[in-house]
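Per-entry structural report
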Amino acid sequence: MGAKALFFFALLSFLAVSLRPAFAEDEEDPGLIMNFYRDTCPQAEDIIREQVKLLYKRHKNTAFSWLRNIFHDCAVQSCDASLLLDSTRRTLSEKETDRSFGLRNFRYLDTIKEAVERECPGVVSCADILVLSARDGIVALGGPHIPLKTGRRDGRKSRADVIEQYLPDHNESITVVLERFAAIGIDTPGGVALLGAHSVGRTHCVKLVHRLYPEVDPVLNPDHVEHMLHKCPDSIPDPKAVQYVRNDRGTPMILDNNYYRNILDNKGLLIVDHQLATDKRTKPYVKKMAKSQDYFFKEFARAITILSENNPLTGTKGEIRKQCNALHFHGSETSLLF
Ligand code: HEM
Ligand SMILES: *[C@@H]1O[C@H](CO)[C@@H](O)[C@H](O)[C@H]1NC(C)=O
């Protein structure tokens, strides 16, 4: 065998082993199922839950990130951890696009992945870790426990070029927002519930100043305007100063229905938040969720479940990444074969 043939032979055997699906050859692809790692990594879900708890103790805002991640990954074509990829020489990462502004704590997602890898190397996908960390982050924030399926595999491409077709901008019309949700199977009450995620976390002044300068948006509650102006004193925020307003001043660390009372009180920070409380299609649900935490949680759990099952890669599709920020096989290696 020549050196080149030998190289290909070695590469093929390597790929045959590494790309082996997580289920036996003679079984069918089960798709997403509950406790997918029961046999291959029974501790996986416990490890993730433990890590989310530990990280939350040290950095409360990690839970905000796990919750925001599931939207930014799953709503963009597929729940495939494409959000976590770094830019390469040829492709821009999703993280670096404008829609991803403010996303944080990715290095702590690596902490979770490393803990899982120590126990079961090469078995649990970043896509499942992203989804399960969101589930456990929601619990840490006082939200409902939502049983979610696993078995997702990691995507091999950045979806940065299409991200704007899937993730609405901060000032998008509610019609577009509802259309985007509907396209992935989330109905109006489901969409209203998902925006309840804005009951935690923060919004940077750059996303808000257009509502304050040159004139204050007259629909804003004057008491809230005072607070917003205090937090965002300049019409062009200093990009180096971390200036932001908390999404829910009342209970900023808790995922609860206070968000709905805020937006009915004209304290919604983003245009989309405000419109949710005023549009005739969404207002009835906003009122119902403002009154009933149970109803909010029920709809929220239903919508998160649908979101988490959006077009996953399963079976032999995609790959299992070793590190969530980089493809396991790089383009140059695999383009020889695929
Ligand atoms: C119409 C849809 C949405 C728009 C336009 C939108 C936009 C935004 C913007 C502009 C921010 C502020 C980022 C910053 O300044 O740091 C933000 C924060 C946040 N969003 Fe959304 N969002 C939407 C839907 C969602 C959904 C569906 C979820 C989760 C289910 C979510 C979860 C969050 C969380 C948790 C934060 C706070 C993040 C932090 O403090 O680190 N958002 N969103
Ligand atoms: C929304 O805000 C962006 C800046 O963040 C601006 O470029 C865009 O024109 C605005 N769109 C609408 C519909 O107002």
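Residues numbered from 1 in each chain as written. Chains lettered and ligands numbered in written order. Predicted model: local features only at pLDDT ≥ 70, side-chain atom pairs only at ≥ 80, totals over all residues. Heavy atoms only, no water.

1. Here we look at the environment of glycine 102
Along the chain, glycine 102 turns up in the loop between helix H3 (62-74) and helix H4 (106-119). Here the alpha-carbon distance between glycine 102 and threonine 203, two residues 101 residues apart in the chain, equals 8.0 Å. Contact partners of glycine 102, with chain neighbours within four places excluded, come to Arg68, Arg202 and His204. (Helix = DSSP H or I, 4+ residues; strand = E, 2+ residues; numbered from the N terminus. Contact = heavy atoms within 4.5 Å.)

2. Notes on the site of ligand 1
As a matter of local geometry, ligand 1 sits amid 23 residues, with Arg104, Asp169, His198, Arg202 and His204 nearest to it. Between an oxygen atom of ligand 1 and a side-chain N or O atom of arginine 104, the distance comes to 2.7 Å. Within the contact set of ligand 1, a nitrogen atom lies 2.9 Å away from a side-chain nitrogen or oxygen of histidine 198. Structurally, ligand 1 is housed in the largest cavity. Looking at the shell around ligand 1, the elements that each hand over two or more residues are H3 and strand S1 (202-204). Considering every element that reaches the shell around ligand 1, the biggest residue donor is H3, with 4 residues. When grouped by side-chain class, the residues that make up the shell around ligand 1 number 12 nonpolar, 7 polar and 4 charged. When residues are assigned to domains, the shell around ligand 1 turns out to be shared by domain 1 (44-166 + 308-337) and domain 2 (174-306), each giving three or more. (Near = heavy atom within 4 Å. Polar contact = N/O pair within 3.5 Å; in protein donor to acceptor, adjacent residues only side chain to side chain. 1 Å grid on protein atoms, 1.4 Å probe; cavity = no way out; pocket = protein on both sides within 12 Å on 5 of 7 lines; lining within 4 Å. Sits in = over half its atoms within 2 Å of the grid points. Nonpolar A, V, L, I, M, F, W, Y, C, P; charged D, E, K, R; others polar. Domains from an automatic or database assignment.)

3. What to know about the coordination of the iron atom of ligand 1
Just one protein atom donates to the iron atom of ligand 1; it is His198 (NE2), sitting 2.1 Å from the metal. On the secondary structure map, histidine 198 appears in the loop between helix H8 (188-194) and S1. (Donors = N, O, S within 2.8 Å, 3.2 Å for Na, K, Ca; no water.)

4. A look at the nonpolar core
Counting 87 residues, the largest nonpolar core has Tyr260 and Phe300 as the members making the most contacts within it. Lining this core are residues from two domains, each supplying at least three of them: domain 1 (44-166 + 308-337) and domain 2 (174-306). Apart from the residues within four sequence positions on either side, phenylalanine 300 is in contact with Leu67, Ile138, Pro144, Ile146, Ala193, Leu194, Ala197 and Leu255. (Core = buried A, V, L, I, M, F, W, Y, C linked by side-chain atoms within 4.5 Å. Buried < 20%, exposed > 50% of the residue type's maximum accessible area, 1.4 Å probe, protein only.)

5. Regarding the packing of helix H2 (residues 44-58) against H4
Where H2 meets H4, the closest approach of the two axes is 10 Å, and the angle between their N-to-C directions is 145°. Where H2 crosses over H4, the two elements pack in a sense that is right-handed. Listed contacts from H4 to Ile47, Ile48, Gln51, Val52 and Leu55 of H2 are Tyr108, Thr111, Ile112, Ala115, Val116 and Glu119. Here the contact of H2 with H4 is composed, by residue class, of 8 nonpolar, 2 polar and 1 charged. (Axes fitted to C-alpha atoms, helices over the stretch in contact; angles between N-to-C directions. Left-handed = near helix turned anticlockwise from the far one by under 90°.)

6. With respect to the UniProt feature "binding site: Ca(2+) 1" (unreviewed entry) in the chain
In the UniProt entry, the feature "binding site: Ca(2+) 1" (unreviewed entry) is given for Asp73, Val76, Asp80, Ser82 and Glu94. Annotated residues spanning 22 residues; largest pairwise C-alpha distance 12.3 Å, indicating a single compact cluster. You can see aspartate 73 is positioned in helix H3. Of the residues examined, aspartate 73 reaches a relative accessible area of 1% and is grouped as buried. Among residues more than four places away in sequence, those in contact with aspartate 73 are Ser78, Cys79, Asp80, Ala81, Ser82, Leu83 and Leu130. Tracing the chain through its elements places aspartate 80 in the loop between H3 and H4. Filtering out sequence-adjacent residues up to four positions away, aspartate 80 remains in contact with Asp73, Ala127, Arg153, Asp154, Gly155, Arg159, Leu313 and Arg321. Polar contacts involving the side chain of aspartate 80 include one to the side chain of serine 82, which spans 2.9 Å. (UniProt positions renumbered as here; feature names shortened; annotations may be inferred.)

7. Details of the UniProt feature "site: Transition state stabilizer" (unreviewed entry) in the chain
The UniProt entry lists Arg68 under the feature "site: Transition state stabilizer" (unreviewed entry), expressed in the numbering used here. Relative to the helices and strands, arginine 68 is located in helix H3. Arginine 68 sits in the partly exposed class, given a relative accessible area of 31%.

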